[in-house]
Structures are given as C-alpha cells and as structure tokens.
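# Chains, contacts and geometry: an overview
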Amino acid sequence: MATPVVTKTAWKLQEIVAHASNVSSLVLGKASGRLLATGGDDCRVNLWSINKPNCIMSLTGHTSPVESVRLNTPEELIVAGSQSGSIRVWDLEAAKILRTLMGHKANICSLDFHPYGEFVASGSQDTNIKLWDIRRKGCVFRYRGHTQAVRCLRFSPDGKWLASAADDHTVKLWDLTAGKMMSEFPGHTGPVNVVEFHPNEYLLASGSSDRTIRFWDLERFQVVSCIEGEPGPVRSVLFNPDGCCLYSGCQDSLRVYGWEPERCFDVVLVSWGKVADLAVCNDQLIGVAFSQSNVSSYVVDLTRVTRTGTVAQDPVQDSRPLAQQPAHPSAPLRRIYERPGTACSKPQRVKQNSESERRSPSSEDDRDERESRAEIQNAEEYNEIFQPKNSISRTPPRRSEPFPAPPEDDMVSAKEVAKPSPATDSQFPVPNLEVPPRPPAVTPTPAPKAELAIIPATRNEPIGLKASDFLPAVKIPQQAELVDEDAMSQIRKGHDTMCVVLTSRHKNLDTVRAVWTTGDIKTSVDSAVAINDLSVVVDLLNIVNQKASLWKLDLCTTVLPQIEKLLQSKYESYVQTGCTSLKLILQRFLPLITDILAAPPSVGVDISREERLHKCRLCYKQLKSISGLVKSKSGLSGRHGSAFRELHLLMASLD
C-alpha cells in the first residue's frame, strides 16, 4: 500500500533574478494570483508568470528607477511611476504604451487603478495625490492634506472613496464625487505603510511602522480595534475575499487576524523575510518578496490555516492573551458597498481645467510614447496569458490550478517517485477529469497578423545598423569588401583622442583582472586605486557591488576614500556607484564599527583585535568625513537626492 503524501502549509515556490540591477517595487495581479510585475533601478517594468522562470514582457520608456507599479483588476493595464515623477500606462494585450502622465515634482510612491472607470490615482514624495483620466490624458483633481510622502493609495470597492496612507502617521479618506477629504484617522505613531478596504463592509484596515494594525469604521469614522505587538513594521495586509479575516505579512510569518474583538486566529511561519505583496487564489495565499535584484514567491495553503473561531497561540512571540478579551456573539452589521453595474461616472471637477490641460497631447509627449516600447521576451507565454482573452471560440475559459505543495519529510510513495506521468505538467497538478474536445470555431477567420519582432538577447551587431553605412563608398569595383583593419582605421578617423583613452582604460582593466584571477580581492582593489583612474575603480566596484559577501572590513578602508571622490564627481554613473557602495558598507559594517569602538579595552595582548580596532577607527574617521558631504547633497531633487537622503538616514548614528 502506498504511503500517503503529507504536504506542507507554507513553502517557497521559486526565486528569480528579476532585473539587471536592484528591484525597487513589485505587485501581484489580485484577480488571478499568477501575474507578477516588477520595477527596477534599470528603469524597466518586467512581467512574470508565477512559477515560470522566464520574463514574459519587458516595458521600457522610463528614464529613472521605477518606484511603484500597479495592475488593474482585469490585469489588462499596468501603470508605473518613476523616481522623476513621471507615470506611464501600458496596454498589456496590445503590448504598447497608452499614456504618459506628467505633473508630480518628486518620485511616485504609490499608485492604484479605479475598480470601474479608467482612472488612476498617484501619490508622491511631494505630498500630493492626483487623480488621472487615462482616456483624456489629464489630471482630474489634486488632493492636498498630507505633509509627508504618500505611501499607499486604495480605492473603495464601490469606487466612490479613496484612502491614503502617508509618512505623517495619518490615514485620510477622500470623497471622489465631492472632491474633498471626508475624514482623517490619526492614532498611528509611525509612518503608515498600507491601507486596505474590506471587500463588503464599510471597514478600513491600516498597517504602520509602529507595529500596529488599526481597523476603522467608515460609518462612524472611528477606530474599531487595534492590534499591537507585530514582530516588525506592517508592510502588507489583505482581507480574505469573503471578508472573514485579515492576513498580515509579517517578518518571516503570516498572521490571521479578526476584529471586534481584536484577536489572532493563526500564525504560519514563512521564511519570506519582508513580504512586499499578497494575493489569494484557489484557497492559496501567494506572497512575494524582493532583495536586491532577486524576487522570491511563496505559497500558503489556506485550507490548513485557521481563519475564524479559536484564538491561536503565537509561536514567535508570547504577547498578551487575546483570548481573554470578551468575545461578542456577533459583530455589528455594517453597511454594504453598492457596486455600480456599469462604469462609474467621472468625478466632479471643482475647477475647470486650463487650456493646456484640455489641448491635445504635445509632440514631446508623443515622442515619449514612441520611445516607450514593450519587449516580448517570451512570445509563447505572452500569447498564452494575454492574447486568448478576446477569443470567442475559447469555451470554457481556462482556470488556473492551485500550486502543488512539496512533500513533507520526503513522505512520497515509491510508486509516485518511480513512475511520473509523462503528460503531467511539473508545475500544476492535472485533475482526473476528461477534457472534452474543443468544438470547432464558428467565427470567421481573422486577417493574419504580423508576427511580433523578437529581438534576440545575443547578437553580434546593433539592430537596424550596418557598419557599411558609416564608411566611405568604395570606388574600385574589385574591392567590394574592406578587411577589418581598413574598416577600423576608417571608423577611427577623427576619434584619436577617444581611442587613446579607451586603449589606456582597457590596459588598466587587464592589469586589475590579472590580479583578480588570483582570488585576492583586496589586492585587486589596491591595484585599481594605485592606477589613479576613477573609471577603473567604478568598473571594479560595479562588479564587487553585485556580491555583498565580497566586502570585508579591510576592503572598506581602501574603498571609502575613493567613494568620497565618486560622490563629488560630475558623472552621474560615478555618483550612483559611490552611493551603492556606501549603502552596502553602512548596512553591513556600521553596526560592527560602532560596537567595536564602544567596547571596553581588552585585558592582555590581542593582536587581531588591535588590528580590527585600528581598521574600525580608520573607517569611522572616513565615514565622518563623508557624512558632511552626504548631508549637503541630501537636499537635491530627483534620483540622486533620494539616494543621498537614504544614506543620510543610515549615517544618523554617526552624529
């Protein structure tokens, strides 16, 4: 008799390298739980199918890091906001950009699609909230009231309200039809990171960096309950689709809460670190988290999670006994959202748009939209996800199956291991149902479409460019082709200075590489510094920054003086590399340096400790020198200003 398979409650699904540089934002498609969008410091928006290794589509057009992304409910449109304050909307089925929206003066921190109409709300570091009409390509209204960055925006299920959370410790509720603030919810003692409407009742949940979750009654505009003692800042919350409970993505755990009274139903340990977004599909909760350029996805089987009834004992932290609170026999019935059957009407304008807002798109905006493009990385998966939606002959519509759980403690029957079914997809279980043959399509045959041009990742020459176009015409018919040496000599004419610079740089990099191959990272960095060429230092740091484990304390003593030079450089790439290296040093070594310097002197002779203490003193002195430079540049706007402000916060302990 075969041994039954025992499955886990939570497991890691996959880990992918989502971008060439750090990931700065991501979002899950809430309707399917299978579509993932990521924004990165490489200014791209990439789309992924959960549990598939390859990128479906890469959207370009932004010229600064993408700070926020959001999918609409049908998962047909995606909006992305950048560090420069620009917003772009793409049509995923048509694989093209729809709109470019300009107006914010600082980076975009939050976005949300209206549940029915073609509107987008955006919150920015400039403290403003703007409501955009995608069809008319204009700002419908601007909401003012927050005093710091707006971190989260959510439309109510009926589309009449907009909730906003900000770093000023407040949650505000806005009436879209009246164009004014309905209520303000104070009470949090830290920045509010997330808000979420109950799917049915007039109830709002908010999570903050003060490690609390508050529930707000939207009829009486007062707090219903407050859950305290979260293990870390609350960054992601989600109501169950039927509204029976609230899921909170905590540090390495999922917590299931009720309100009236506040209580914890269950705690599931999940090793996802700082989870960024949650979605529920097929009785499974999908959670995604990112670290540097990697994105990891996790699954929690909700059929094995307690979502109502008995209060759970917290295995991570023994907090106050919530079970002793008086349990009401039934929660008070609140008003239910009235969802319109058709698209919502346009929010009322308080003031008329200016002529500049009503005019047709400018040529500059058109140029931006032409420069934005969608690169289809995997045409087969793209067609599978986006194209069949408009096909009439597809009956019945396909449903995604739950993700299979890995076996627990290797309790898999020998029969299942020895005889895998060749027809089974390795990623989804196949139910034991016979699929009826698809009936022939009765629709007329559409006109053939031109195939999407997929640019290969590896190529030997630029797309659409030929070297012969830049060379002088050959006068002698016999010399139809030039040899490589002649062609290079023709191309180099007028560029002798640049050729000398590049040749010298190549020679210097060869010298550094020869030392690098020996495995001595410190010596290779010393050789790069000795060359006295910042471009070589930047090239080497860009490699070292990719792997944080290469950094050592003695390496910091060599690199920190070079970082100070890079931060004062006139080249943007040099400044960005210096900021990245300094951030790594502060995150990994600043606590160690401060602890060693604050420790009492040791008894006896400890040579290794004395050497470590000397390195820490040297690093501390160099960091103090750099802190003044960082503070002076933290007031800049744009990409660099944001990076310097983050560094200034990390260096606060030096003051």
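Up top is the structure.
So, here's what we can say about the structure. Being a predicted model, the structure only gives us computed values, none of them experimental. Residue numbers here run from 1 along each chain, matching the order of that chain's written sequence. The predicted nature of this model means local features are confined to residues of pLDDT at least 70 and side-chain atom pairs, given and counted, to a pLDDT of 80 or more, with totals for whole chains, interfaces and linings taken over all residues. Side-chain numbers come from the whole structure's heavy atoms, not from hydrogens or water.

### What about the sheet that holds strand β22 (residues 237-239)?
Reading across from one edge, β22-β23-β24-β25 is the order of the 4 strands in this open sheet, with antiparallel pairing throughout. Taken across any chain shown, the strands that pair with only one partner, and hence form the sheet edges, are β22 and β25 (263-269). The sheet shows a mean angle of 20 degrees between the axes of neighbouring strands, taken without regard to direction. Here a strand pair is declared whenever DSSP counts at least two bridges between the two strands. Only runs of H or I of at least four residues qualify as helices and only runs of E of at least two qualify as strands under DSSP, and these elements are numbered from the N terminus. Pairing between strand β23 (residues 246-250) and strand β24 (residues 253-258): 5 bridges, direction antiparallel. For every element, the axis is a line fit to its C-alpha atoms; helices are fit only across the contacting stretch, and the angle between N-to-C directions ranges from 0 to 180 degrees.

### Quick notes on the pairing of strand β15 (residues 161-166)
Burial within β15 is extensive, with 6 of its 6 residues counted as buried. Of the two faces of β15, the one carrying Trp-161, Ala-163 and Ala-165 and the one carrying Leu-162, Ser-164 and Ala-166 are both buried. Relative to β15, strand β14 (residues 150-155) is paired through 5 bridges, and the arrangement is antiparallel. Among the inter-strand pairings, Phe-155 is bridged to a residue of β15, identified as Leu-162. What sits between β14 and β15 in their antiparallel hairpin is a turn of 5 residues, with Gly-159 showing a positive phi close to 75 degrees. Examined bridge by bridge, β15 and strand β16 (residues 171-175) share 5 bridges and lie antiparallel to one another. Looking at β16, one finds that Ser-164 is bridged to Lys-172. Any residue under 20% of the maximum accessible area for its type is buried, any over 50% is exposed, and the rest in between are partly exposed; the area is computed with a 1.4 Å probe on protein chains only.

### With respect to helix α11 (residues 607-633)
Any helix carries an expected span of 1.5 Å times its number of residues minus one. In a regular helix each residue adds 1.5 Å, so 27 residues correspond to 39 Å; α11 covers 39 Å between its end C-alpha atoms and thus fits that length. For α11, the full list of buried residues reads Arg-609, Leu-613, Cys-616, Cys-619, Gln-622, Leu-623, Ile-626, Ser-627, Leu-629 and Val-630.

### A look at the sheet that holds strand β20 (residues 213-217)
Taking strand neighbours across the sheet as the criterion, the 4 strands line up as β18-β19-β20-β21 in an open arrangement whose pairing is antiparallel. At either end of the open sheet lies a strand with only one pairing partner, and these are β18 (192-197) and β21 (222-227). Across the sheet, the mean angle from the axis of one strand to that of its neighbour is 20 degrees, orientation sign disregarded.

### Overview of the packing of aromatic side chains
Aromatic pairing here means that ring centres of Phe, Tyr or Trp (its six-membered ring) are within 6.5 Å. Orientation follows from the plane angle: under 30 degrees is stacked, over 60 is edge-to-face, and everything else is tilted. Here the structure, examined in full by the defined rule, presents 9 aromatic pairs. Geometrically, the ring pair formed by Tyr-143 and Trp-174 is tilted, given 5.3 Å between the ring centres and 50 degrees between the ring planes. With Tyr-143 in strand β13 (residues 138-143) and Trp-174 in strand β16, the pair connects residues that are 31 residues apart, well separated along the chain. You can call Trp-174 buried: its relative accessible area is 2%. Between Phe-185 and Phe-221 the ring centres are 6.4 Å apart and the planes differ by 25 degrees, which places this aromatic pair in the stacked class. One end of the pair, Phe-185, is in strand β17 (residues 180-185); the other, Phe-221, is in the loop between β20 and β21, and 36 residues separate them in sequence. Residue Phe-185 is classed as buried on the basis of its relative accessible area, which comes to 1%. Its relative accessible area of 32% is what places Phe-221 among the partly exposed residues. Ring-pair connections join several aromatic residues into one group, and the members of that group are Phe-141, Tyr-143 and Trp-174.

### Some words on the state of the cysteines
Two cysteine sulfur atoms form a disulfide, by the criterion used here, when they sit within 2.5 Å. If you walk through the whole model with that rule in mind, you get 0 disulfides. Note on Cys-556: no disulfide assigned, nearest cysteine sulfur contributed by Cys-619 at a separation of 5.2 Å.

### Some points on the side chain of Asn-545
Here Asn-545 shows up in the loop between α8 (534-544) and α9 (553-567). Pairing of N or O atoms within 3.5 Å defines a polar contact, subject to two protein rules: one partner must be a possible hydrogen donor and the other a possible acceptor, and residues neighboring in sequence count only if both atoms are side-chain atoms. Engagement of the side chain of Asn-545 in a polar contact is seen with the side chain of Ser-581, the distance being 3.0 Å. Contacts are assigned to residue pairs that have any heavy atoms within 4.5 Å of one another. Once residues lying within four places of it in the same chain are set aside, the contact partners of Asn-545 are Trp-551, Thr-577, Thr-580, Ser-581 and Leu-584.

### What to know about the nonpolar core
Joining through side-chain atoms within 4.5 Å is the link that ties buried Ala, Val, Leu, Ile, Met, Phe, Trp, Tyr and Cys residues into a set, and such a set is a nonpolar core. Trp-551, Leu-567, Leu-582 and Leu-623 are the most contacted members of the largest nonpolar core, which totals 43 residues. Elements that contribute at least two residues to this core include exactly α7 (521-531), α8, α9, α10 (572-598), α11 and α12 (638-650). The dominant element in this core, judged by the number of residues it contributes, is α10, at 11 residues. In this view, Trp-551 contacts Leu-541, Val-544, Asn-545, Cys-556, Val-559, Ser-581, Leu-584, Ile-585, Arg-588 and Phe-589; residues no more than four positions away in its chain are not counted. Among the nonpolar cores identified, the runner-up in size contains 28 residues, and Ala-165, Leu-173, Ala-205 and Tyr-257 belong to it.

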